[in-house]
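Spelled out, the chains give:
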Amino acid sequence: MLSRVVIVVSALVAVALAGHQLFPAMGGFTPIWESMLPWVGLTVPVLLLGAALSRSKGATVAALVPGLVWALMFGSTMLQSPPGGASDLKVATVNVGVTNSASGEAMRKIAEGLDLVAAQELTPGGPAAKQLDRMFPHKYPVGTVGLWSRYPLSKQQKLDVGMGWPRALRAVADTPKGKVTVYVMHLASARPGHTAFRDKSLAHARSLVDKDSSKRILLMGDLNTATTDRGMSGLTPPLRDAQREAGDGFGFTWPSSFPITRPDHILYKGMTATKAGVAPAVGSDHRAALASLRLS
């Protein structure tokens, strides 16, 4: 009986991993499941233990199948190392937490040495904004999101990503190596059974990117969409994911105490990511996402 259970469960896990995008959204439950896909690999040791206890070669082989599928899907993410090399732009994005009284300290530590910082869940005039004002000569805040820059900003524009109010922005940063069009976004939340609003805001984000003819585009923010969520296929491509291209591991950012998924992203085109990672953000329930980019 145990060997049969192991075989059946192994088959179900393998199919759920390999064919997750074939399943219907089921009112938003499937995208949430997709957000947890990297953790499904933890079932493999349990299945192998069950196979060992059953003393069944067939169960052992079956238990290895989802492990192989997981390795094909995520093995390169675990084994890759940052390409490194020279970089022209160092950036970060962080959801500072609207009730975070330590957000100023968080930004002081995160933003040191960076060229661009995107922030979400800002309190206008709050600790995070004041700290960033001291560190950067140029800024463009829009409600609860904002962009701070070491370089001059132009063509600033408030954006509504389908939420009925501006919770995104666009600006052009004039760097020594050329202009970079920067988007900062905080998309709608996604919860089990409730992803329609998030999906709508994702579609608006993709529409903005598609209409933008800029040579270089940088999109940063809390997109409330995990790297493995089917919704990300609407943005990557045409954009590339800095963590996927130049990160070390999955780069989970939420929740900060024990991150299990990555809703915070740095996406780009017309540049090359040389390094990416995460950093603690004092008092926030998110960690910061960071990346270094080469413009040439």
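Remember, it's a predicted structure, so these values are computed and weren't measured experimentally.

Definitions and cut-offs
- Residues numbered from 1 in each chain as written.
- Predicted model: local features only at pLDDT ≥ 70, side-chain atom pairs only at ≥ 80, totals over all residues.
- Heavy atoms only, no water.
- Axes fitted to C-alpha atoms, helices over the stretch in contact; angles between N-to-C directions.
- Helix = DSSP H or I, 4+ residues; strand = E, 2+ residues; numbered from the N terminus.
- Parallel < 35°, antiparallel > 145°, perpendicular 65-115°, else oblique.
- Left-handed = near helix turned anticlockwise from the far one by under 90°.
- Contact = heavy atoms within 4.5 Å.
- Nonpolar A, V, L, I, M, F, W, Y, C, P; charged D, E, K, R; others polar.
- Buried < 20%, exposed > 50% of the residue type's maximum accessible area, 1.4 Å probe, protein only.
- Core = buried A, V, L, I, M, F, W, Y, C linked by side-chain atoms within 4.5 Å.
- Salt bridge = Lys/Arg side-chain N within 4 Å of Asp/Glu carboxyl O.
- Pairing = 2+ DSSP bridges.
- Right-handed = clockwise from strand over helix to strand, strands pointing away.
- Arc of directions from axis to C-beta.

Peer 1: Any chance you could explain the packing of helix 1 (residues 2-18) against helix 3 (residues 43-54) here in plain terms?
Peer 2: Geometrically, a packed helix pair is captured by the angle between its two axes and the distance between the axes. At a minimum axis separation of 9 Å, helix 1 and helix 3 run at an interaxial angle of 155°. Comparing their axes, helix 3 and helix 1 come out roughly antiparallel. Note on packing geometry: the crossing formed by helix 1 with helix 3 is left-handed. Here L2, S3, V6, V9, S10 and V13 of helix 1 lie close against helix 3, whose contacting residues are T43, L47, G50, A51, L53 and S54. When its residues are assigned to classes, the contact of helix 1 with helix 3 shows seven nonpolar, five polar and no charged.

Peer 1: Is there a simple way to explain unusual backbone geometry in this structure?
Peer 2: Peptide bonds are trans in most cases, and residues, glycine excluded, mostly fall at negative phi. In this model, P237 is joined to P238 through a cis peptide bond whose omega is 15°. Positionally, P238 belongs in the loop between strand 8 (217-222) and strand 9 (240-241). Of note in this structure, R55 is not a glycine but carries a positive phi near 55°. Following the sequence through the fold, R55 ends up in the loop between helix 3 and helix 4 (57-79).

Peer 1: Honestly, the packing of helix 3 against helix 4 in this entry has me stumped. Any pointers?
Peer 2: Interaxial distance between helix 3 and helix 4 falls to 8 Å at its minimum, and their mutual angle equals 175°. What the angle tells us is that helix 3 and helix 4 run roughly antiparallel. Of the residues in helix 4, those touching helix 3 at V44, L47, L48, A51 and S54 are A59, T60, A63, L64, P66 and G67. In terms of residue class, the contact of helix 3 with helix 4 is built from eight nonpolar, three polar and no charged.

Peer 1: Help me understand the side chain of H286, please; the structure alone is not making it clear to me.
Peer 2: Examined against the element boundaries, H286 turns out to sit in the loop between strand 11 (272-279) and strand 12 (288-294). For H286, a relative accessible area of 5% puts it in the buried group. Setting aside chain neighbours within four positions, we find H286 in contact with N95, D222, T253, W254, S256, P263, D264 and A281.

Peer 1: How should the nonpolar core be read in this particular structure?
Peer 2: Side chains of a nonpolar character, in soluble globular proteins, are inclined to be buried together. Formed by 29 residues in total, the largest nonpolar core has its most connected members in L89, V91, L116, L147, V182, L218 and M220. Membership of the second largest hydrophobic core comes to 21 residues, among which are V96, V117, A128 and F136.

Peer 1: Would you mind showing me how to read the side chain of D212 here?
Peer 2: With respect to the element layout, D212 can be found in the loop between helix 7 (196-211) and strand 8. Classification of D212 by relative accessible area gives buried; the value is 9%. Residues in contact with D212, not counting those within four places in the same chain, are R170, T181, Y183, I217 and K269.

Peer 1: It is not clear to me how the pattern of salt bridges should be interpreted in this structure. Could you clarify?
Peer 2: Here the idea is simple: oppositely charged side chains can pair when their charged atoms come close. This structure, assessed with the given rule, holds 12 salt bridges. For the salt bridge of D210 with R206, the shortest nitrogen-to-oxygen distance reads 2.7 Å. Of this pair, D210 and R206 both sit in helix 7, four residues apart, which is roughly one turn of that helix. Here D210 falls in the partly exposed class, since its relative accessible area comes to 46%. One continuous salt-bridge network, built from bridges that share partners, spans E105, R108 and K109.

Peer 1: It is not clear to me how the sheet that holds strand 6 (residues 168-175) should be interpreted in this structure. Could you clarify?
Peer 2: Picture the strands of a sheet paired through backbone hydrogen bonds; they go either parallel or antiparallel. One open sheet holds the six strands; their spatial order is 5-6-7-8-10-9, and the pairing between them is mixed. A single partner strand is all that each edge strand has here, and the edge strands are strand 5 (153-159) and strand 9. Helix 7 rests against strand 5, strand 7 (178-186) and strand 8 of the sheet, and its axis sits at about 170° to strand 7.

Peer 1: Is there a simple way to explain the pairing of strand 8 in this structure?
Peer 2: Along any regular strand the residues' side chains alternate between the sheet's two faces. Most of strand 8 is tucked away, with six of its six residues classed as buried. The alternating pattern of strand 8 places I217, L219 and G221 and L218, M220 and D222 on opposite faces, both of which are buried. Bridge count between strand 7 and strand 8: six bridges; the pairing is parallel. Residue pairing across strands places T181 opposite I217, the latter belonging to strand 8. The β-α-β motif built from strand 7, the intervening helix 7 and the parallel element strand 8 has right-handed crossover chirality. Where strand 8 meets strand 10 (residues 264-269), six bridges bridge the pair, whose relative direction is antiparallel. In the strand pairing of strand 10, M220 is matched with I266.

Peer 1: Is there a simple way to explain helix 5 (residues 103-111) in this structure?
Peer 2: Each α-helix winds once per 3.6 residues, and so residues spaced three or four apart point in a common direction. Buried within helix 5 are the following residues: S103, G104, A106, M107, I110 and A111. Relative to the axis of helix 5, the buried residues are bounded by an arc of 155° and lie together on one face. The elements touched by buried residues of helix 5 are strand 1 (89-95), strand 2 (116-120), helix 6 (127-135) and strand 12.

Peer 1: So what exactly am I meant to see when it comes to the environment of K57 here?
Peer 2: For K57, the position within the fold is in helix 4. By relative accessible area, K57 is classed as exposed at 73%.

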